Amino acid sequence: MTSIDQAPAAATAHSPAAGAPLLELDSVACEYKLDGGGRFRAVNGVSLQLGRSEVLGLVGESGCGKSTLAKLICGLEKPADGTVTFDGHPVRALGLKKRAKELLGIQMVFQNPYASLNPRRRIRDQLDDALALNPDGGWTVESLLDAVDLPADSAQRYSHSFSGGQRQRIAIARALAAGPKVLVGDEPIASLDAFLQARIARMMRDLAIDSGASMIFISHDLSVVRDIADRVAVMEAGRIVEVAPTDQIWNDPQHPYTKKLLAAIPQVDGKGIIPGSD
Amino acid sequence: MSIGTPKQPANAPITEAARRDPVDPGLKRWQIRFPKALRTPLGIVGAGILVLWLIAAIFAPLLAPFDALAQNFPRLSAPNGENLLGTDTLGRDVLSRILVAARTTLPAAVFVVICSALLGSVLGAIAGYFGRAVDEIIMRIADLVFAFPTIILAMVIAAALGPGLKNAIIAILLVSWPSYARVTRSLVMTARGSEYVIAGRLLGFSAGRSLAREIAPNVISPVVVLATLDVGSAILTMAGLSFLSLGAVPPTPDWGAMISEGVSQFAAWWIAFFPGLCILTIVMAFNFIGDSLRDTLDPHTAQEVGETTS
Amino acid sequence: MSMISIRDLNLSVTAGKKTTHILKDVSFDLEAGRITGVAGASGSGKTQTGLAVMGLSPAGAELSGSIDFDGVELVGMPAKQHNRLRGVQLSMVFQDPASAFHPMLTVGDQITDHLRHHQKVSKKDALAKAVEILGRTRVPHPKEAVKKYPHQFSGGQLQRIAFASAIICDPKVLIADEPTTALDVTVQAGILRLLRELCDDLDLAVLLVTHDFGVLSSVADTIVVMKNGVVVETGEREAVITAPQHEYTRSLIESLPGAEVSP
């Protein structure tokens, strides 16, 4: 449908930060076996770089492989091809043993806030688990809850007494507590009301950058990504079709798919115009 | 390294009002209090019956009007002023025998259920978490046990081991563990893929720690419910084994054995009837309690309550 | 002339000793040929309002007030009578198209099933009508589509089939509960266009429940904003979005990335 050789140079844009990139994906591919035999390439030759103190937005529609890419970055899936390197260390898939120490700097916030927290353990205990990784980070349970705008007594409660938006904030607090260098958000706002999405996204961005981490923010919602990302990568059918600084993607999109995505965003102007109609 | 004071989100003021989320409504209070409020009438009835039986069992020697083993009374006499529930073929007081029998049956049943729940859950959790070869082996053995009707298999094992309460317990243990294994396995398999478990692994938990600290608390409630309901079955199976002379050794009073005896003395209906009634009440009591526990502890019901409505 | 007039609608649920008020004195109108968008956060009562019109309020809920449907009072109507209206005059489309269909019946069976339940139509005629309606909702290859199963369609196509099923009995009122929330943004536009066309062509009174102001800005004619079971603002689309009167509406619109609100 769309040609993928239109953006070969853009697909491996140089990271703005000096020195080696914090996270590097080199021609990564991931395959799933299909029921009727044969293989499906969810991710097909993706190369990306993430610099220090940078927010990279990854956008694409359902089925494009962005969640699989998130799992590859965290080592939750094994690449069929290519390598993932974090801070110079190769990211090995998570097996039965403990996570390799050098990889603990990668943390993730998941899409489903209702499954992100253990329903039978108190919030405090779950935050403490993360704090144990980063004792010198300066965070405490109280300061974490404060940072995500939740009252201090939340620590004593269980996850079922919180709404989706609140649970997601707790999940963000937990990820931050571990002192990550790379925070991966796998559609962290998709399950939330539209009114909360921008706020939570901005909160994630601010907290990540302020604590010195970089963030990969995966979303199908371009407006929110525009709000918080420094660079945006557009993904279609397992490939990155365009990567550019945010403003450039908005003002001067190159790839037809990017243009199509941008055209589909409804404007909140009250004019009653459905996107795509002339 | 700086703590990293977070910038305030651009559109929310730093006030208590913000904490209370003008836009994020949170859960209503009624939705949180709901789980604690549930106490079904049946559960209370079940608990009441169980408490009565516990008292009866503990104080049996004091409550029993006569010695359970003494063959003093006219044989096969119907319930009357002296022997409230009649006497059996050897002239023993039925009421006393029933009360004393509770002292062996109840603890034995609870013990066997606890053991099989523990054994089954551990095996099921290992199968569910580690998968592949371990899973196959454990589940195929479980399938083997499931292939036989419970009482038949228990009979065969008890017969092979010889009569006696201890052997009856072992037999029941060996036929009961697979149900727990199966339930625990599927619970663990579901939990294993949950985001919170993955989050734990990303925080550096080993598989073992993940299993013990994160997954176990979520698995305990359903297993407890299953175990409670299983006590009734255990009592029935033990009674069945005793009925076939494979359980408690005479002259120790035992409900199943008493029923067995009563069957051959059909005219003296009270010999089988009252022990049968006892089994009925206890099994019902445990079933009521189990159902009530399931309603209150079931994560689905609890979670349903936790979701917001729009 | 309002097709549906909701006046002082109150919905409360009593559990044990606690009574919770889900809807409080909700009042607004639905007019034929217009899309009324109801916006609000989770828990605002927007979906419950739609369900109340359909007679699908939760069991044990107390509904008081008035829902006047073209002269007929819906509040307090016996369930059997409300049943006859549901699917025929009042229809609903839900958020998740995949769970709106039985996975083991063909799409044709499911659409014609409720047509034949409400109207005495032969199987052949029902199927013909189903094909026609699927064409109207722009489901590709309608003749083949009726023989397929739900899992063979994409989310967007399934939602179109859901709309087809909703309009096959020529209803007067259509309630769409977050119809595009589960869909990709490129598919969303198509569904919104379909909703607009159906509303205009069939003179439907549409109640569109959503938390997405982008959707409202595209297709709603009137916007009703709800918070905690109460209607805080009602107005024409452009007025509510560009010059909201109520503080809550203002905060909702301002919380959207890139939205600009006039002071």
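In this text the structure is predicted, and so the values were computed from the model without any measurement.

**Q** Teacher, can you tell me more about the overall build of chain C here?
**A** When you go through chain C residue by residue, the secondary structure sums to 10 helices and 10 strands. Taking 2.2 N^0.38 as the reference for a compact globule, 263 residues should give roughly 18 Å; the C-alpha atoms of chain C span a radius of gyration of 19 Å, in line with that estimate. Taken along the three principal axes of its C-alpha coordinates, chain C extends 55 × 45 × 40 Å. For chain C, the residues scored as buried account for 49% of the 263 residues in total. If you take every contact in chain C between residues at least 6 apart in sequence, the share linking residues at least 24 apart comes to 65%.

**Q** Would you mind going over the overall build of chain B with me for this structure?
**A** Helix and strand content of chain B: 13 helices and 0 strands. Reading chain B from its N end, one meets helices and strands in the order α-α-α-α-α-α-α-α-α-α-α-α-α. A separation threshold of at least 6 residues defines the contact pool for chain B, and within that pool the share at least 24 residues apart is 69%.

**Q** Teacher, can you tell me more about the packing of helix α6 (residues 155-167) of chain C against helix α7 (residues 185-202) of chain C here?
**A** Helix packing geometry: the angle between the two helix axes and the distance between the axes. Residue and element names in this part refer to chain C. For the pair α6 and α7, the least separation of the axes is 10 Å and the interaxial angle reads 15°. Overall, the two elements α6 and α7 adopt an arrangement that is roughly parallel. The interaxial crossing formed by α6 with α7 has right-handed handedness. Contacts between α6 and α7 involve Gly155, Gly156, Gln159, Arg160, Phe163 and Ile167 from the former and Val187, Gly190, Ile191, Leu194, Leu198 and Leu202 from the latter. Grouping the amino acids of the contact of α6 with α7 by side-chain chemistry returns 7 nonpolar, 4 polar and 1 charged.

**Q** I would appreciate a short explanation of the UniProt feature "domain: ABC transporter" (unreviewed entry) in chain C in the present structure.
**A** In the UniProt entry, the feature "domain: ABC transporter" (unreviewed entry) is given for residues 6-253 of chain C. The distance from the first to the last C-alpha atom of residues 6-253 of chain C is 25 Å, and the span holds 39% helix and 27% strand.

**Q** I would appreciate a short explanation of the environment of A:Ala70 in the present structure.
**A** Residue and element names in this part refer to chain A. The topology assignment puts alanine 70 in helix α1 (residues 66-74). Once the C-alpha coordinates of alanine 70 and leucine 58 are considered, the two residues, 12 residues apart in sequence, prove to be 9.7 Å apart. Beyond its immediate stretch of four places on either side in the chain, alanine 70 contacts Met108, Val184, Asp186 and Ile218.

**Q** Can you help me understand the packing of helix α7 (residues 150-161) of chain B against helix α10 (residues 207-243) of chain B in this one?
**A** All names here are of chain B. Closest axis-to-axis distance for the α7/α10 pair is 10 Å, and the angle between their directions is 50°. If you check the angle between α7 and α10, you find them oblique. Judged by the twist between their axes, the crossing of α7 over α10 is right-handed. Taking contact as the criterion, the partners of Thr150, Ile151, Ala154, Met155 and Ala158 in α7 are, on α10, Thr237, Gly240 and Leu241. Here the residues of the contact of α7 with α10 sort into 5 nonpolar, 3 polar and no charged.

**Q** What is the right way to look at the UniProt feature "domain: ABC transmembrane type-1" (unreviewed entry) in chain B in this model?
**A** Taking the UniProt record as the reference, the feature "domain: ABC transmembrane type-1" (unreviewed entry) is found at residues 102-290 of chain B. Within residues 102-290 of chain B, the helical portion is 85% and the strand portion 0%, while the C-alpha atoms at the span's ends are 20 Å from each other.

**Q** I would appreciate a short explanation of the confidence of the model for chain C in the present structure.
**A** For chain C, mean pLDDT is 89; residues scoring 70 or higher make up 97% of the total. Within chain C, helix α3 (residues 107-118) of chain C has the poorest average pLDDT of any element, 86, and strand β3 (residues 35-39) of chain C the best, 95.

**Q** Would you mind showing me how to read the pairing of strand β7 (residues 182-186) of chain A here?
**A** Residue and element names in this part refer to chain A. Most of β7 sits out of view: 5 of its 5 residues are buried. By the alternation rule, side chains of β7 split into Val182, Val184 and Asp186 and Leu183 and Gly185, which are all buried. Inspection of the sheet shows strand β6 (residues 106-109) paired to β7 by 4 bridges, in the parallel sense. Note on β7: the bridge partner recorded for valine 109 is glycine 185. As paired elements, β7 and strand β8 (residues 214-219) share 5 bridges and run parallel to each other. Considered in β8, the bridge of valine 184 is made with isoleucine 216. Remark: the β7/helix α5 (residues 194-210)/β8 crossover connection has right-handed handedness.

**Q** Honestly, helix α5 (residues 94-130) of chain B in this entry has me stumped. Any pointers?
**A** Each turn of an α-helix holds 3.6 residues, which means side chains three or four residues apart point in the same direction. Residue and element names in this part refer to chain B. Between its terminal C-alpha atoms α5 stretches 53 Å, which fits the 54 Å expected from 37 residues at 1.5 Å a residue. The largest bend along α5 measures about 30° and falls at alanine 102. Just downstream of α5 lies glycine 131, where phi reads positive at about 65°.

**Q** What is the right way to look at the pairing of strand β4 (residues 61-69) of chain C in this model?
**A** Two faces, one strand: in a regular strand the side chains alternate between the faces of the sheet. Residue and element names in this part refer to chain C. Note that strand β1 (residues 2-15) and β4 share 8 bridges and pair antiparallel. Opposite serine 12, over in β4, you have glutamate 62 as the bridge partner. Sheet analysis places β4 next to strand β5 (residues 72-73), joined by 2 bridges and oriented antiparallel. Residue aspartate 68 lies in a different strand from β5, and its bridge partner there is glutamate 73. Two successive antiparallel strands, β4 and β5, enclose a turn made up of 2 residues, where aspartate 70 displays a positive phi of approximately 50°.

**Q** Explanation requested: the sheet that holds strand β2 (residues 39-50) of chain A in the structure shown.
**A** In a beta sheet, neighbouring strands are held together by backbone hydrogen bonds and run either parallel or antiparallel to one another. Residue and element names in this part refer to chain A. Pairing is antiparallel across the open sheet formed by 4 strands, whose spatial order is β2-β1-β4-β5. At either margin of the open sheet sits one strand with a lone partner, and together these are β2 and β5 (89-90). Of the pairings in the sheet, the one linking strand β4 (residues 81-86) to β5 comprises 2 bridges and is antiparallel in character. Note on β5: the bridge partner recorded for threonine 85 is proline 90. Lying on the sheet, α1 is in contact with β1 (23-33), β2 and β4; it crosses β2 at an angle near 60°.

**Q** How should the confidence of the model for chain B be read in this particular structure?
**A** Residue and element names in this part refer to chain B. Looking at chain B, pLDDT values average 79 and 83% of them are 70 or higher. Here helix α1 (residues 16-19) is the element of chain B with the lowest mean pLDDT, 39, and helix α6 (residues 132-146) is the one with the highest, 93. Contacts for the low-pLDDT stretch residues 1-23, under 50 throughout, to residues beyond four places or in other chains number 37 contacts. Contacts for the low-pLDDT stretch residues 302-310, under 50 throughout, to residues beyond four places or in other chains number 20 contacts.

**Q** Which parts of the structure should I look at to understand the UniProt feature "transmembrane region" (unreviewed entry) in chain B?
**A** Residue and element names in this part refer to chain B. In the numbering used here, UniProt assigns the feature "transmembrane region" (unreviewed entry) to residues 42-64, 106-129, 141-161, 167-183, 219-246 and 266-289. Note that residues 106-129 is 100% helix and 0% strand, and that its end C-alpha atoms are spaced 34 Å apart. Taken end to end, residues 266-289 is 83% helix and 0% strand, and its first and last C-alpha atoms sit 33 Å apart.

**Q** Help me out: how do you make sense of the sheet that holds β1(C) in this one?
**A** Residues and elements named next belong to chain C. Spatially, β2-β1-β4-β5 is the arrangement adopted by the 4 strands of the open sheet, whose pairing is antiparallel. In this open sheet, the two edge strands, each paired with only one partner strand, are β2 (18-31) and β5. The strands that helix α1 (residues 46-54) touches are β1, β2 and β4; relative to β1, the one it contacts most, it runs at about 110°.

**Q** For this particular structure, what's the right way to read the environment of B:Val197?
**A** All names here are of chain B. Secondary-structure assignment places valine 197 in helix α9 (residues 195-202). Taking the C-alpha atoms as reference, valine 197 lies 9.9 Å from arginine 213; in sequence the two are 16 residues apart. Those residues within four positions of valine 197 in sequence are excluded, and the remaining contacts are Ala191, Arg192, Ser210, Glu214 and Ile215.

Parameters at a glance
- Residues numbered from 1 in each chain as written.
- Chains lettered and ligands numbered in written order.
- Predicted model: local features only at pLDDT ≥ 70, side-chain atom pairs only at ≥ 80, totals over all residues.
- Helix = DSSP H or I, 4+ residues; strand = E, 2+ residues; numbered from the N terminus.
- Rg over C-alpha atoms; globule rule 2.2 N^0.38 Å.
- Buried ≥ 20, exposed ≤ 12 C-beta atoms within 10 Å, placed from the backbone.
- Contact = placed C-beta atoms within 7 Å.
- Axes fitted to C-alpha atoms, helices over the stretch in contact; angles between N-to-C directions.
- Parallel < 35°, antiparallel > 145°, perpendicular 65-115°, else oblique.
- Left-handed = near helix turned anticlockwise from the far one by under 90°.
- Nonpolar A, V, L, I, M, F, W, Y, C, P; charged D, E, K, R; others polar.
- UniProt positions renumbered as here; feature names shortened; annotations may be inferred.
- pLDDT = per-residue confidence, 0-100.
- Pairing = 2+ DSSP bridges.
- Right-handed = clockwise from strand over helix to strand, strands pointing away.
- Expected span 1.5 Å × (residues − 1).
- Bend = angle between axes of the 7 residues up to and from the residue.

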